[in-house]
Every structure is written in structure tokens, then in C-alpha cells.
Amino acid sequence: MKFPFLPLAISLSLGMVSSRYAPSVTPVAVSLLVILLPLAWFLRGRKSFFPVFLILIFTAGWIGFSIDGLKPENSVHQFVSDRRLAVTGIVATLPDVKCRGRGRNISFVLKSTEVNLGSRRYPKPRAVRGQVWVYWIQPATVPSVGDKVRLYGLLKKPRQAQNPGGFDQTRYLAEKNIHAMIEVIGPNSGRIVAEGSVFQPARWIGKLRLTIASKIDVLYQRPESSMLKAVILGFRSEIASGLKSAFVKTGTIHLLSISGIHITMVAGGFYLLFLALGAGRRMTAMLTMAVVLCYVSISGMGLPAQRAGWMAGIVLLGVIWGRPSLSMNALCVAFFLMILARPRDLWNIGFQLSYLCVFSLIAFLPRFSSCRSLPGSLGGSLVVTAGTFPLVLYYFNVFSPVSLMANFVAIPIFDAALFLSLFSLLFSAVPLLGEWLIAISSAFIQLMSAWIVQLSRLTWGYWFLSKPTPWQLFGYYGSLAGLLFFWGRNSLWKKQMAILCAGICLVTGLTMMRTEPDAGFFVNVLCAGRDPVIHVRFSGGRNWLIGAGRRFPSDQGEKIILPYFQQKGIRALDGILVPGSYKKHWGGLMTILRELRVQTVVFPGDFHVPEELSRYSDKFRYVRSGETILELPDRESLMMEWAGKKDTAVFIEAGQQKICFVPCGLDPLRISRISPPPDILILPFVKKIAPWNGVEEVRLWVLPGAETEAALFLQKQAGQRYFLNEKGALNIRVFETGFLTKNLVKV
């Protein structure tokens, strides 16, 4: 068999998928395994052995995934509660440090060993197991890998996504087998109990990564230094959000994530260098394996880097042993070993995209070898795009037709920049040579960044599309597999089947090029902490945003609003209404204006525009209190009234239904501002609510949350109550006679 590990990898992965979606049948798989083991032993050496062996691998994958999901009895996630407690453990990953002004936050993974349920005077220690995600605000010191620390904070479950397109921390940490997180605040809430052993390899690697990062900061200026730290060390937090967005729009974000292209360039470059220096092939292969191992280690050991490292190691072992190694076999061996060691990596987005990219190159690129008019790099970009765009669309809602042109130019420039930057780190102390290497590599990085930024500004270069259905994914990849099977066959009917599969694949791909249809008037209330953000979709497709979110401690324009519009397939807004002069109402405006095409930004008449927003002054419009901002034929309108900095109300009308948004709460609001009472009232987090005449006519209260006094007041009201922080974002679909509500996410 030419590719023996291909059916083995498929059988193992199918068993794990079956175990995830049918866990109740695991006892049947155990019984089947007991039967198949002796049967396979008796059938060894016969033709029927291999099918039985594949079924055996299938059941092993099923059982292995079930075992991997079991949690120990003393798992740390069982101690999740609403009260603070002390957790002791060993630092398992290099802390990620983020600084903003005088503030400093760190996050890392803690391998827990003990939980103290009592107090310092009366401790109640409990031995625990399992990993914990730590988020420490204003730490006294930054621990190193291997240090034993004791932290005092709130142990809780990871946060689920509360808005469409938002970051799902629960899923992200579950892929790492982490089911609890602790939030630590202040320098006195944690300390290092004991330093780690100097003989721990992870500690050496962590310190080496920090040393290299410091050297890059000394040799290069920003943004070149931040990009080099991303592609050499895996540190991506320092890359500017605007530059990162340009890479996403042009389909070149893979260049900033250490993956196969980086490992291939490093391995290939050093292999040729060692050969040029006179080393034999076997010695060259061994030295290159050492270089690849070092590079994968300092890169942070991400899943794409691990996959590429396994493949490079298998190919180089073939050179050492004098045996040719096929790329497909190397890919399947790496796939088999990685999911065997960590079954849950099969559902990791980076893992899926990494293997799908390489599989597309290996399976389809040789088919284009006869097409001489198609350059190799362009053909590679074409097959990778065809193989991955449905999955990218499913996870990120972005399709970049400009990615072919972007990668065709950016990849060669990037390879040269990365190779030269590695040598600049090695020879930076050499006079003249080090300076030349730094200057040339910086020029290459600047050229690549300028190319990508320019392409990202093309209006047709990227589209935000709707998420494809599972049936569309099945139809696309099923027909693609059929095309791969029938392509190149001599039989006439097989050629016809190949044409049929290609047609089904093309039609299915075209059906994915869609955005959400116009469904009439609706209001989506997004959960953005204490102050909700509202998206209003008027009949006819006009999109308005009310509120732009805060900017500190995180930019809600980048973290909440843009991912929401990206998932909805919206690239342009007819207007943004800033409902107040506080920063929590306009902090994310700069990010939104940079990433989306906005026609108008409406401010209250007394609003003083900050200097940072002056470049967009041609879009600004100032309105008087009570002035109608938008009025449409279907009795739909938008209006804002205010009587001071804290006395603001936004009114939305759709037919007979009236919606009122009070961005600063009801306490300072005059009674006349909400007369007649609205059908739907949207509030921020409130401490108390002052009653007024007609309050009982409010049919729906929407707010992030409320303190005890306000919650008691709401319980006495006849209208429905919807708390965003508990249930997530809300969709309100308005009709002539009433409205319907629906959760936008499952919390």
C-alpha cells in the first residue's frame, strides 16, 4: 500500500468523532474491542486482517476520546464557587504580559495541586488536580515556568461567548482540557512560594524565549519587532490591531502564526546551508533536525508548529536511514501521533486548518504540474484557498479573493525576511554584517506590510459572509474527495464522475457566497458589560449602531462590535449614533471607523470631539435635542433627546411599537422624557429605578443586570425581564402588532 497511514489516521479520527457525538455507545465500543483483539491476532498475515485492524483502530479512537474526557474525582473545577479561595500550583506556561499605561496584566496556565477552602488562620486544604487558567491584574511579580505560586481570587467557570462572533473562552480552554479559571486582583493576592528547579527544560526554554524577545526589541523598531516576535517566538499580542486586521482581510494571517511555511523555510534554508559548508547528507539531516527542534521549542509549541515539526522530522529521518519518505505518509503519521497523544486537538481550529492546508497542497498541487502557465506559488495559493475557504468561512466569516495575489507576493518576501532576521540575531555583534542583515530584513518586512495594507483597502478584496451550514460543508468536501478519487482515471465513466464532482463542488461553493437576507426591522442588543450596544436594522437594509462601547480596559469596538458585524456579513453602516459624551459611549469608535465604511456619525450638539477622531470629521453630524435623526416611509424613525450630560434618551419607532434606550440609567432622567411610556425599555446596569406614571405599560425590560433594589422593583412589574449578562445578546423582531424576542447565543 502506497499510503498505509492514511486509512489508519482516518479510522482513528472517525472513532473520536463518533465518541464525541455518541458518547452513550462507548460500552458497545469496549465490547467490540474485546472481540476484535483476539480476532485480529488470528487473522494476522491474511487479507482480511487489514479491514479488521482498521475497525480495531476505530474502536480504540472511540474509547481513547472517552477516556481523555474523564475528569478525576478531585478535579479543581469542582471547587468553582462565588466566593474567593486560595489555589496553589505550578506555573505550566510562560506568562503572557500585557501592559497599558501603568497597568499590567498577566495570564498563564497553572497546574493546580491544592485548594484552601478556609482562611489563613483556619485553613482547610484539599489536594486537587487539573489545570487552571490564571488572569492576574497588577501582579507583584511575573513568575517563571516551574515556579510554585499561591493565588487568592475568584475561581470560576470560563466565560462563554455572549455575542455573535465573540470569543468563546469556554471552548478555547476546553480544547486545552482546562475547565476553570481564577481571577486574581492586586499585588497582595498572590506570591511565589518556591522557585522552580534549574534543571527543568521548560524553564530554560521560557527564559531563552524572553531573552530572544528582548534582543529583537533592541535590534529592531516597531512594528518590525512585534512581527518578528510573532513569527519567531509566537508572541502576537504586541501586533497593532489595524495591522492584524489587514492580514486577516487579505488571507495572509497565517504568516503571523508559526506553521508549516516557517518550519519549511527554516529547515530548507539550513539544510542547504549545511550542504554548502561541506557536511554530508546524513550529518546535514541530523543538524537540520536539531535546528527544527530548537525552532519548534522556542516558538511556543503551537499545534501547526508541532505538525510541521513532526513532518520535517519524519522526512529527515528518511534521509538519515537512506529511505525515501512520501509527504502524504509523513503528514498522516504526524496526524496519527498528535491526535493519539491529545485527542481533543482534533477540534482545534489551528489544527484543522494546518492539516487541511498541507493535505490540499500534497493532494492537488501535483495535478497542476502540467499547467506551465501557472506559477508554483500561485498554484499553491489556489489549491490552499480551494481546500480551506469553507472552513475559514465557517469559523471566521471572511472570504478574501485578493488572498491569491497577496500570498503570491508576500510569501517570498516573508521567507527572505525571516531567514535574514534569524541570521541577524546570530551575527548582530559582527560589525557591518549584523547591521546589513538588520537593515535588509527590516526593509523586507516593511515592504510586505505595505503590500498587505494596500490590498486590505480594496473594497472588493474581502467579504464578510454568513456561516455555511454543516450540509454545505459536507457537500463541498464530499465532492472534493470524489474529485480527488476520480481525477486522472482512464475510464470514461470515471472521467464523467470527476466532472460531476467538480460541478457539485463549484455549485456548493457558490451557495456559500451569501449574507443574511433582509428580514425587516429588528433590534439586536449586544452585551457589552454594564452598557449595552444596539444594532438597529431598519426595513430596506439600513444599518445603524447606537453606542460604540468603551476602549478601556479592552477595546469593545475590536472585541465585540467588529466580530458581531463580521459574522452578520456587514461591512458598511449607514450611521452611528453616539448617545452620550462619556468614553463608554464612544471609546470604540476609532476602531469601527477604521474597519467599516460608515456614512454618518451623529453626536449630541454639545459633544466635544477628541483630537484622535478629527481625521473623520467629514462624517460627523451634530443634532439638537428632539431632532429626528432618521425617518423612513414605513413609520420607522430614530430620535435622541437630552437635557444634560447624564440626561439622555434615544427613541426608536417601528409602526406602533416604541423602543427607548436610556444610556445613563433612569435615576437622573426626567419623567417627561419617557412619556408616553415605551413598549420596550433598554437600560444600562442600574442600582435603582425611580417609578413614574405608566411604568406598568412597559412590556419588555432589557438590561445587563441590576442591584438588589432595582431587581426587586423589576420583579413587581408585569413586563418581561431580560438580563444580558445572564442570557447573552438579544434579538427583538418588531411587527405591526407586537414583537418577538430570541437569544442570539446559547449561554
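Preceding this paragraph is the structure being described.
In short, a report on the structure. Here the structure is a predicted model, which means the values were calculated and not measured.

### A few points about the sheet that holds strand β27 (residues 739-743)
Piece 1. In spatial order, the strands read β18-β17-β15-β13-β12-β11-β26-β27; together these eight strands make up an open sheet with mixed pairing. Each edge of the open sheet carries a strand with a single partner, namely β18 (620-623) and β27. Strand-to-strand twist across the sheet, computed as the mean angle between neighbouring axes with direction ignored, equals 20°.
Piece 2. Note that strand β11 (residues 522-526) and strand β12 (residues 533-537) share five bridges and pair antiparallel. From the neighbouring strand, Val525 faces β12, where its bridge partner is Ile534.
Piece 3. The strands that helix α18 (residues 556-568) touches are β11, β12 and β13 (543-546); relative to β11, the one it contacts most, it runs at about 140°.

### A few points about the packing of helix α6 (residues 224-233) against helix α14 (residues 403-426)
Piece 1. Across the interface, α6 lies against α14 with an axial gap of 11 Å and an inter-helix angle of 90°. The orientation of α6 relative to α14 falls into the category roughly perpendicular. Where α6 abuts α14, its residues Leu228, Val231 and Ile232 lie against Phe414, Leu418, Ser421, Leu422 and Leu425.
Piece 2. Across the contact of α6 with α14, the residue classes tally to seven nonpolar, one polar and no charged.

### Description of the pattern of salt bridges
Piece 1. Under the definition given, this model contains 14 salt bridges.
Piece 2. Arg344 is paired through a salt bridge with Asp68; the nearest N and O atoms lie 3.3 Å apart. In this pair, Arg344 is assigned in the loop between α11 (327-341) and α12 (349-364) and Asp68 in helix α3 (residues 49-68), connecting sequence segments 276 residues apart.
Piece 3. With relative accessibility at 26%, the residue Arg344 sits in the partly exposed group.
Piece 4. Owing to a relative accessible area of 25%, Asp68 belongs among the partly exposed residues under this scheme.
Piece 5. The closest approach of N and O atoms between Lys229 and Glu238, which form a salt bridge, is 2.6 Å.
Piece 6. By relative accessible area, Lys229 is classed as buried at 2%.

### Some remarks on the nonpolar core
Piece 1. By size, the foremost hydrophobic cluster in this structure holds 44 residues, and its most contacted members are Ile216, Ile232, Phe247, Leu418 and Met448.
Piece 2. Among the secondary structure elements, those contributing two or more residues to this core are α5 (201-219), α6, α7 (241-249), α8 (260-276), α9 (281-298), α10 (303-321), α14 and α15 (433-456).
Piece 3. When residues of this core are assigned to their parent elements, the largest contribution, eight residues, is made by α14.
Piece 4. Among residues more than four places away in sequence, those in contact with Met448 are Met227, Phe247, Leu255, Ala410, Ile413 and Phe414.
Piece 5. Membership of the second largest hydrophobic core comes to 41 residues, among which are Leu8, Val333, Tyr355 and Phe399.

### Things to note about the side chain of Ser354
Piece 1. Positionally, Ser354 belongs in helix α12.
Piece 2. Residue classification places Ser354 among the buried positions, given a relative accessible area of 7%.
Piece 3. Among the polar contacts made by the side chain of Ser354, one reaches the side chain of Arg307 at a distance of 2.8 Å.
Piece 4. Residues within four places of Ser354 in sequence aside, it is in contact with Pro304 and Arg307.

### Let's talk about the sheet that holds strand β21 (residues 648-654)
Piece 1. In spatial order, the strands read β19-β20-β21-β22-β23-β24-β25; together these seven strands make up an open sheet with mixed pairing. Since the sheet does not close on itself, it has two edges, and those belong to β19 (628-632) and β25 (720-723), each with one partner. Here the average twist between neighbouring strands, direction ignored, is 15°.
Piece 2. Examined bridge by bridge, strand β23 (residues 680-682) and strand β24 (residues 700-703) share three bridges and lie parallel to one another. Counterpart to Leu681 in the pairing with β24 is Trp701.

Scoring rules and cut-offs
Residues numbered from 1 in each chain as written. Predicted model: local features only at pLDDT ≥ 70, side-chain atom pairs only at ≥ 80, totals over all residues. Heavy atoms only, no water. Pairing = 2+ DSSP bridges. Helix = DSSP H or I, 4+ residues; strand = E, 2+ residues; numbered from the N terminus. Axes fitted to C-alpha atoms, helices over the stretch in contact; angles between N-to-C directions. Contact = heavy atoms within 4.5 Å. Parallel < 35°, antiparallel > 145°, perpendicular 65-115°, else oblique. Nonpolar A, V, L, I, M, F, W, Y, C, P; charged D, E, K, R; others polar. Salt bridge = Lys/Arg side-chain N within 4 Å of Asp/Glu carboxyl O. Buried < 20%, exposed > 50% of the residue type's maximum accessible area, 1.4 Å probe, protein only. Core = buried A, V, L, I, M, F, W, Y, C linked by side-chain atoms within 4.5 Å. Polar contact = N/O pair within 3.5 Å; in protein donor to acceptor, adjacent residues only side chain to side chain.

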